[in-house]
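Spelled out from the first residue to the last, the chains are:
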Amino acid sequence: MSIFKRLQAGEENQGSSHAGAGSMRWLLTYADLITLLMAFFIVMYAVSKVDMARYQQLAQALSQIFTSSAGSMVLPELGNGNQVTPPDELAGFSQDLQPYLAEQGLKDQVFVTATDQGLIISFTGSVLFDRGQATLRPASVPILQKIAGYLGQVPNYIGVAGSTDDLPINTSQFPTNWELSVIRATTVIRYFTETAGLSPSRFVALGYGQYHPLFPNNSEEDRRKNRRVDIIIYKENPFAHQAR
């Protein structure tokens, strides 16, 4: 017989005596208290069974996002992800490309440079575009086709950055040098992706306008060098963010 039935039977046996019934009511309160305590400890036990491994993973992820000492955090992957060609192989591409540029008479107009970013192929002057224009010159197409052949051999991300000299431009198509530099970059990317068939997800379009010159804009020769399009074969994933 449960405690509640025994209490009820006890009260019935006491009849209608007020004193007898009152002497047993404390047991009802005691039984309610015991039941509540049991429920409380069951809840506390359930809460204490935390998956510590998952908790630590969550804590580490939040730490990476919100603290300055978290180390590196990689954004969701695009294109081919972190796959890159080792720097020594990129140097090999540079050695193969240099003789071709010399054969085309472009040794003094197209420069291949290894930097911390990766391998940069810089087209200066009017190799790709006439001055103030963003339409590829017909003579530049075979050169870009040759470059596309090299880019197709590597999985790396590729940036294309347009730069101008400091001479202002104000046309209906290009209100400023910003627009001119960006459209030149996207024109080159569209050739690589739409004509040469390279994956669009590998490319990043950049427009520097006149604000990142390599030389002072105080002579026509230096302005010609500053009018350039850089093709950057990134050594590392440019979408990886190193928290500082």
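Colleague: Before we go on, may I ask you to explain the pairing of strand β4 (residues 158-163) in this structure?
Modeller: Two faces belong to every sheet, and in a regular strand the side chains alternate between them. Within β4, 6 of the 6 residues are buried, leaving the element largely enclosed by the surrounding structure. A two-sided burial pattern is seen for β4, the buried positions comprising Ile158, Val160 and Gly162 on one face and Gly159, Ala161 and Ser163 on the other. Here β4 runs beside strand β5 (residues 203-209); their pairing, made up of 6 bridges, is parallel. The residue bridging Ala161 from the neighbouring strand is Leu206, located in β5.

Colleague: So what exactly am I meant to see when it comes to the nonpolar core here?
Modeller: Inside soluble globular proteins, nonpolar side chains tend to come together where they are buried. Formed by 34 residues in total, the largest nonpolar core has its most connected members in Phe123, Leu128, Leu144, Val188, Phe192 and Ile231. At the level of elements, α4 (87-103), β2 (110-114), β3 (118-124), α5 (141-151), β4, α6 (177-195) and β6 (228-234) are the ones that each hand at least two residues to this core. Considering each element in turn, this core owes the most residues, 6 residues, to α5. In this view, Val188 contacts Leu128, Phe129, Leu136, Leu144, Val160, Val229 and Ile231; residues no more than four positions away in its chain are not counted.

Colleague: Help me understand the packing of α5 against α6 in this model?
Modeller: In contact at an axis separation of 10 Å, α5 and α6 are set at 65° when each is read in the N-to-C sense. Crossing hand, α5 versus α6: right-handed. Residues Val141, Leu144, Gln145, Ile147, Ala148 and Leu151 of α5 touch α6, and the partners they reach there are Val188, Tyr191 and Phe192. When the residues that make up the contact of α5 with α6 are grouped by side-chain class, the tally is 8 nonpolar, 1 polar and no charged.

What counts and how
- Residues numbered from 1 in each chain as written.
- Predicted model: local features only at pLDDT ≥ 70, side-chain atom pairs only at ≥ 80, totals over all residues.
- Heavy atoms only, no water.
- Buried < 20%, exposed > 50% of the residue type's maximum accessible area, 1.4 Å probe, protein only.
- Helix = DSSP H or I, 4+ residues; strand = E, 2+ residues; numbered from the N terminus.
- Pairing = 2+ DSSP bridges.
- Core = buried A, V, L, I, M, F, W, Y, C linked by side-chain atoms within 4.5 Å.
- Contact = heavy atoms within 4.5 Å.
- Axes fitted to C-alpha atoms, helices over the stretch in contact; angles between N-to-C directions.
- Left-handed = near helix turned anticlockwise from the far one by under 90°.
- Nonpolar A, V, L, I, M, F, W, Y, C, P; charged D, E, K, R; others polar.

Note that all results are geometric; they support no functional claim without further evidence.
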